[in-house]
Structures are given as C-alpha cells and as structure tokens.
Amino acid sequence: MKFRTGLLLAAAAGLAAYLAFWPVPAQPVAWHAPKDLGHWGPHATNHALAALRHVDLGSDRGPEHVAFGPDGRLYVAVAGGRVLRMAADGSRREVFADTGGRVLGFDFDASGHLVAADAYRGLLSIAPDGAATVLADAFEGQPIRYADAVVVADDGRIYFTDASTRFAPADWGGTFEASVLDILEQSATGRVFEYDPATRALRLVARGLSFANGIELTADQGALLVVETGQYRVWRIDREARALDVRQPSPQAFALFDNLPGYPDNLMRGLDGRIWVGFTKPRSALVDAMAPYPFLRRMTLRLPRWLWPVPPAYGHVMAFNEEGHVVADLQDPSGAYPETTAVTETRGRLYVQSLHAGTLGWLPND
C-alpha cells in the first residue's frame, strides 16, 4: 500500500511539474478582456442561418473566401492551396489554381489577376491562366509568416494583413492551430501592409494587432477597415498611416466595433453600403477569465490539443455600415455549418464562407 501510494504521489508530482514547467511555444501576455455582453440587442439569438442551402465542393473543404471574378464566375479558396472556379449555382466547377499553400483571402486587380493572401507563401498574383507569382514574402529581411486577407484599391495599391509574426501555419500544423496559439499568447504582432505594384515597394501601415485578419476599404477609399480577431474588434485605420501602433492613441485609427460577441474573421463588402463579417467562434468565458493570467494559459497549452479551450461551433455572420451600425445579424446556434468567416452578397444570394465546412453555404437574398 505504501509503495502504491508513493507511486501515485510521484506521478502527481510529475504531472504538476509538467503542467507548470514544460516548455510551450507561446509566451502569453497579460491583458484584460472586456465583459462579454453575449447575444443580445442587435446580436439577439436567432436561427436565420439554420436554413442554409449548399453548393457541393467535391472532395474539397474550407471555402474560406468567396468572390466573383471579372469573368462573372465564382472563385472559392479551399484548403490545400486550391482556388476553385464555378458558375453562380455551383455548376461547371473546376480548379482554377493551386498555390501549394493556403489562400485565405483574395481580390482582383484591374488586369484581371487574382491577388491572394496565402498563409504559407505570402502575397501572390495569380494570372488568368492560373500561374502564381510571389509579390511579397518578406519585410525588412524577415518573412511574412501569415498573410491573411487582401483588398485592392482603385489606384492599384494592394493592402493585406499579416496575422502573426510569431506563428506561421507551415510550422504549427495549419492556419487554425497557428491562430489559436497567437490568440492565446496575445503578443499583438499582427500587421497591415501596403504593396505598390508600380514600385514593388512594401510599406508597413499599422502594427500592434492581436491577430490581424479581414481587411476592406471604405467607400471613399480613404481608410481601411481591419479585423483584430484576438481582441474582438474592427478597426478603421487611415490608409496613409505609416507604422502606426494601434495600441497607442492616434487620430489615424479608432475601433469601429469593440467587444464583439465572437471572434471576427473576414470582411466582405456587400450591397447598399453593407459590410459583412463572420465570427468563426463565439466568445469563451474561460479564455476571457484567463486573460490576466499568462501562467494559466501556458498550462493550457501543455494539455492535449483536444483539451485546448476552443469554443464550440456557432454559426454567426453580421452586416454593418461605415457608421458602425449593425444592419443584419444571422445565426445558427447549432453550429451545423462551422466556422463562418463572412458573406459574399449578390442580388440573388448570400454565400456563407467557412474555414472548415465541406460545402459552400448560401441563402436566397430577395
């Protein structure tokens, strides 16, 4: 009995030592999460997404970003580096390009090239024949580790986000795993860049973002709307800002939305002034409670990945205007269509994007 007790005590001591001291990749920083107000007011719980219809993607998964090209066809970025092309109803599906990485966001330039933020390869230009060229994969001698979203301005300049300088998806098991590490760490290394095709110069617009994600231009092209996933915000940032640290007060940046009810992801300009954002996950009370305690978050990362505090699936997208008013909010608490990233809006359909789903969801938009 004494021997067995000794073994149990030794095992408990070993487990405690492991949870307390085993090295982890993240070095969490203390922060204070705002009180989660939950699903109320403009975000009141509803089931509008429960009636989703589906476009078949064959063996592909994860329609993270969806947009219509200048040819009138629908382009869909999926896992594994492929960009699919199809008719609006999903017919005539084909592989347009394969980058070998993971395209998360894209836009089209005036010449019809698809400009892609590839989380593994950087900023790419994909010609109409599907051939990809790297535009930018490093800044000041350091790699761009997590290119995430991109928008092309009317004057041709390209703006894109680098979600994290700390965790590259290629090194940490994929885009989702790397995002969890970055958000738990809260070191706020996310950045916004401008790429000028005329000079091939790269300029740092803003920094200090906790996982810089979706990006859009305001209607007058004077400012950028940028998602900060890790702190539940959408920023409005002066397009001409230079190396602006959003953690410091500045007239060139302010939070258009703060304390959102989930982890915001992609931004897509819709119709009639609407801008759509998706929430890949709802807020986690446990994650928010651990915000001031880096030691607890380090302990969490020593657990098996299936025990990490990842919130359950919850379908949720919303539309807002540039004045910061919510004008639509669609949900499915069951999470049947997981990790909703944004909406691509046409006069006939709302295409709902997803990080991991095996189909492309859509709703009639009459």
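What you see is a predicted model, and the numbers here were worked out from it, not measured in a lab.

For a regular strand, side-chain orientation follows a simple rule: the groups alternate between the two sheet faces. Counting buried residues in strand 17 (residues 223–228) gives six out of six residues, a clear majority hidden from the surface. Taking every second residue as pointing to the same face, both faces of strand 17 are buried, with A223, L225 and V227 on one and L224, V226 and E228 on the other. Pairing analysis gives four bridges linking strand 16 (residues 212–217) to strand 17, with the strands arranged antiparallel. In the sheet register, E216 faces strand 17, and the bridge partner there is L225. What sits between strand 16 and strand 17 in their antiparallel hairpin is a turn of five residues, with Q221 showing a positive phi close to 65°. Where strand 17 and strand 18 (residues 233–238) come together, six bridges link them in antiparallel fashion. Paired with V226 across the bridge in strand 18 is W235. Counted along the chain from strand 17 to the antiparallel partner strand 18, the turn is four residues long, and its residue Y232 has a positive phi close to 60°.

What follows concerns the sheet that holds strand 4 (residues 82–86). Strand pairing in a sheet takes place through backbone hydrogen bonds and is either antiparallel or parallel in direction. Within the open sheet, the four strands sit side by side as 2-3-4-5. Their pairing is antiparallel. Edge positions in the open sheet fall to strand 2 (65–68) and strand 5 (94–98), since each of these has one partner strand only. Along the sheet, successive strands turn relative to each other by an average axial angle of 25°, direction set aside. The pairing of strand 3 (residues 74–77) with strand 4 spans four bridges and is classified as antiparallel. When the bridges of strand 4 are listed, V76 appears paired with L84.

Further remarks concern the sheet that holds strand 12 (residues 147–152). Taken in spatial order, the five strands of this open sheet run 12-13-14-15-19, and their pairing is mixed. Sheet topology places strand 12 and strand 19 (244–245) at the edges, where each strand pairs with a single neighbour. Examined bridge by bridge, strand 13 (residues 158–162) and strand 14 (residues 190–196) share five bridges and lie antiparallel to one another. Bridging across to strand 14, Y159 finds its partner in E194.

Before going further, it helps to spend a moment on the pattern of salt bridges. Summed over all chains, the structure comprises 21 salt bridges. Among the ionic pairs, R93 bridges to D56, the shortest N-O distance being 3.5 Å. With R93 in the loop between strand 4 and strand 5 and D56 in strand 1 (residues 53–56), the pair connects residues that are 37 residues apart, well separated along the chain. Using a relative accessible area of 37% as the deciding quantity, one classes R93 as partly exposed. When its relative accessible area of 47% is taken as the criterion, D56 is described as partly exposed. Here E94 ties to R73 by a salt bridge, and the two come within 3.1 Å at their closest N and O atoms. Of the two residues, E94 is situated in strand 5 and R73 in the loop between strand 2 and strand 3; the sequence distance between them amounts to 21 residues. Each of D155, R157, E194, R203, R239 and E240 takes part in a single network of salt bridges with overlapping partners.

So, on to helix 4 (residues 294–301). Where helix 4 is concerned, the buried positions are P294, R297, T300 and L301. Looking straight down helix 4, one finds its buried side chains confined to an arc of 115°; they lie on one side. Contacts made by the buried residues of helix 4 are with helix 2 (175–185).

Our focus in this paragraph is helix 2. Counting buried positions over the eleven residues of helix 2 gives ten, a clear majority of the element. When helix 2 is considered as a whole, its buried residues turn out to be T175, F176, A178, S179, V180, L181, D182, I183, L184 and E185. Elements in contact with the buried residues of helix 2: strand 6 (103–108), strand 21 (262–269), strand 22 (275–282) and helix 4. Trailing helix 2 by a residue or two, Q186 shows a phi angle of about 65°, which is positive.

Looking at the protein as a whole, the pLDDT averages 93, with 94% of positions reaching at least 70. The low-confidence segment residues 8–19 (pLDDT under 50) makes five contacts with residues lying over four places distant or belonging to another chain.

Basis of the calculations
Residues numbered from 1 in each chain as written. Predicted model: local features only at pLDDT ≥ 70, side-chain atom pairs only at ≥ 80, totals over all residues. Heavy atoms only, no water. Buried < 20%, exposed > 50% of the residue type's maximum accessible area, 1.4 Å probe, protein only. Helix = DSSP H or I, 4+ residues; strand = E, 2+ residues; numbered from the N terminus. Pairing = 2+ DSSP bridges. Axes fitted to C-alpha atoms, helices over the stretch in contact; angles between N-to-C directions. Salt bridge = Lys/Arg side-chain N within 4 Å of Asp/Glu carboxyl O. Arc of directions from axis to C-beta. Contact = heavy atoms within 4.5 Å. pLDDT = per-residue confidence, 0-100.

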